[in-house]
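# Structural characterization, general
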Amino acid sequence: MGRIAGRFARVEARRRAGRLALGLLSDLPRKNCWTIAEWAGEATPHGMQHLLCRASWDADAVRDDVRAYVVEQLHDERAVLVVDETGDLKKGTHTVGVQRQYAGTAGRIENSQVAVYLVYAGERGHAAVDRELYVPRSWTCEPDRCRAAGLPEDKAFATKPELAGRMIGRFLDAGHHVGWVAGDEVYGGNPPLRVLLEQRGVSYVLAVACSAEVTTGAGKFRADTLAANVPKRAWQKLSAGAGAKGHRFYDWAVIDLADSGPGHHQLLIRRNRTTGERAYYRCFSPVPQPLATLVRVAGSRWRVEETFQSGKGLAGLDEHQVRRFTSWSRWVTLAMLAHAFLAVIRTAEHARHPSPDDLIPLTCNEIQRLFTALVGPTPDAVHKLRWSLWRRRHQARSRTSHYHRQAAEHEDHDLQLEY
């Protein structure tokens, strides 16, 4: 918290942000302004809501601090920037950016809010370093709706690859170095993003669809057509990295591509050793790279799924109950900071205290449990009773307002029928 202290105009907001970050690291079954305020010992949730909505502080500046903190503490010369999006299921139509769209969380089209994240993935650990909310065209074509949600009236639509390009550009412009970028088909199938990376001299391994057309010395072909003609001797068994059940071995092959631009372009093919299912990747590097390096970068993409899982499960990344853009930005930024803290502590503990053979190394889950037990507040019975009364009083007011609104709607309906 000392790293971001200077981003707050008032000491009250800074202290409350610290309590909110602690609440995000707590073992609360549900994390929002109400539950965290009660857990932190505050009398009402109004202070937490004020911090997210109206208090004077810059979430983008805090994001920059989080990025610097992660790169400094998890620094790795072979680190990979992984870009991916994740969806949070939402109800209603007023939450910023929400619409019916595909959400990977549900595995289907749902009413959801989607954001694109940039994850710094090294051998020692991984954490999110940037975020951009995906605002659909259904929003950007309605200025009044954008204004009500706190978005600029001139907000222009940006695709997910364009948002990824912005974040990668900010990372490089801040003076940080990274050798590789990885992403799924959404990003690999976008030529402008690939050109941007090539112009900045950043190597990439980006997934593409089987129908993607690539150019070789013999002409232009679909990726799956080239893969079908790869001879048996060209396949190599290599690990894409260690998973929960050990190393993930696949068969790999690589084909050189003919590209008019500078650098070395290749098509990487992955084949499942059991099912034969294939996946395809467009690869670029300023100088030729061995197959093992391409496989390592391709395998790094799965780190983003681990980051989403632990960020949501341990730091409340997806549990925000806010509607406006400013509140969303502030919540997810502090959640990124909380998760980065866990990742950094895990890395530091592994380096300082190697685990004996009869213990697995400390995980982020175990660090959260220990941290909550040792640092978390212990509200007394009076505090808990006071919150019980406050909740019941607030719920009574809400019920009364709902009944009045319902009665007014029925009255308007009856008048329309009379006319």
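What counts, and at which threshold
Residues numbered from 1 in each chain as written. Predicted model: local features only at pLDDT ≥ 70, side-chain atom pairs only at ≥ 80, totals over all residues. Heavy atoms only, no water. Helix = DSSP H or I, 4+ residues; strand = E, 2+ residues; numbered from the N terminus. Contact = heavy atoms within 4.5 Å. Areas by Shrake-Rupley, 256 points an atom, 1.4 Å probe, with all protein chains shown as cover. Lys, Arg positive; Asp, Glu negative; His and termini not counted. Charge placed at Lys NZ, Arg CZ, Asp CG, Glu CD. Core = buried A, V, L, I, M, F, W, Y, C linked by side-chain atoms within 4.5 Å. Buried < 20%, exposed > 50% of the residue type's maximum accessible area, 1.4 Å probe, protein only. Salt bridge = Lys/Arg side-chain N within 4 Å of Asp/Glu carboxyl O. Patch = residues over 30% accessible without salt bridge, like charges linked within 9 Å, V, L, I, M, F, W, Y side chains within 5 Å. Pairing = 2+ DSSP bridges.

Looking now at the overall build of the chain. When its secondary structure is counted, the chain shows 15 helices and twelve strands. For the C-alpha atoms alone, the extent of the chain along its principal axes is close to 75 × 70 × 40 Å. Of the contacts made within the chain by residues no fewer than 6 positions apart, 62% connect residues no fewer than 24 positions apart. Only carbon and sulfur atoms are counted for the fraction: they give 51% of the accessible area of the chain, which is about 21400 Å². Between the averaged position of the 58 positive side-chain charges in the chain and that of its 47 negative side-chain charges there is a distance of 3 Å.

Right, let's get into the nonpolar core. The biggest cluster of nonpolar side chains holds 104 residues, and the ones touching the most others in it are Y117, Y120, F171, V205, W252, L268 and Y281. With twelve residues, the top contributor of residues to this core is helix α13 (residues 325-352). When neighbours within four sequence positions are excluded, L268 is seen to be in contact with V205, W252, A253, V254, A279, Y280, Y281, C283, L291, L294 and A298. Listed in part, the 14 residues of the second largest apolar core include L226, L257, L267 and I269.

Another point: the side chain of S203. Looking at where S203 falls in the secondary structure, it is placed in strand β6 (residues 203-208). Not counting the four nearest positions on each side in its chain, S203 is found in contact with G179, W180, V181, F284, S285 and P286.

Attention now moves to the pattern of salt bridges. Under the counting rule described, the total for this entry stands at 22 salt bridges. The partner of K312 in a salt bridge is D88, and the shortest N-O contact between them spans 3.5 Å. Here D88 lies in strand β1 (residues 80-89) and K312 lies in helix α12 (residues 303-315), a separation of 224 residues in the sequence. By the burial criterion, K312 is buried, and D88 matches it.

A contiguous nonpolar surface patch, about 300 Å² in accessible area, is contributed by L370, L374 and V375. As for its position among the elements, L374 is in helix α14 (residues 364-375). On the accessibility criterion, L374 (73% relative accessible area) is exposed.

This part covers the pairing of strand β3 (residues 108-121). Counting buried residues along β3, eleven of its 14 residues qualify, which places the element largely inside the surrounding structure. Direction of pairing for β1 relative to β3: antiparallel, over a ladder of ten bridges. Directly across from L81, in β3, lies its bridge partner Y120. Sheet topology places strand β2 (residues 99-103) next to β3; five bridges connect them, and they run antiparallel. Residue pairing in the sheet places A103 in a bridge with R108 of β3. Taking the residues that link successive antiparallel strands as the turn, the β2-β3 hairpin has four residues, and the phi of G107 there is positive, at about 75°. As paired elements, β3 and strand β4 (residues 126-133) share seven bridges and run antiparallel to each other. Its bridge partner being in β4, Y120 is matched across the sheet by A127. Following β3, the chain reverses through four residues before pairing antiparallel with β4.

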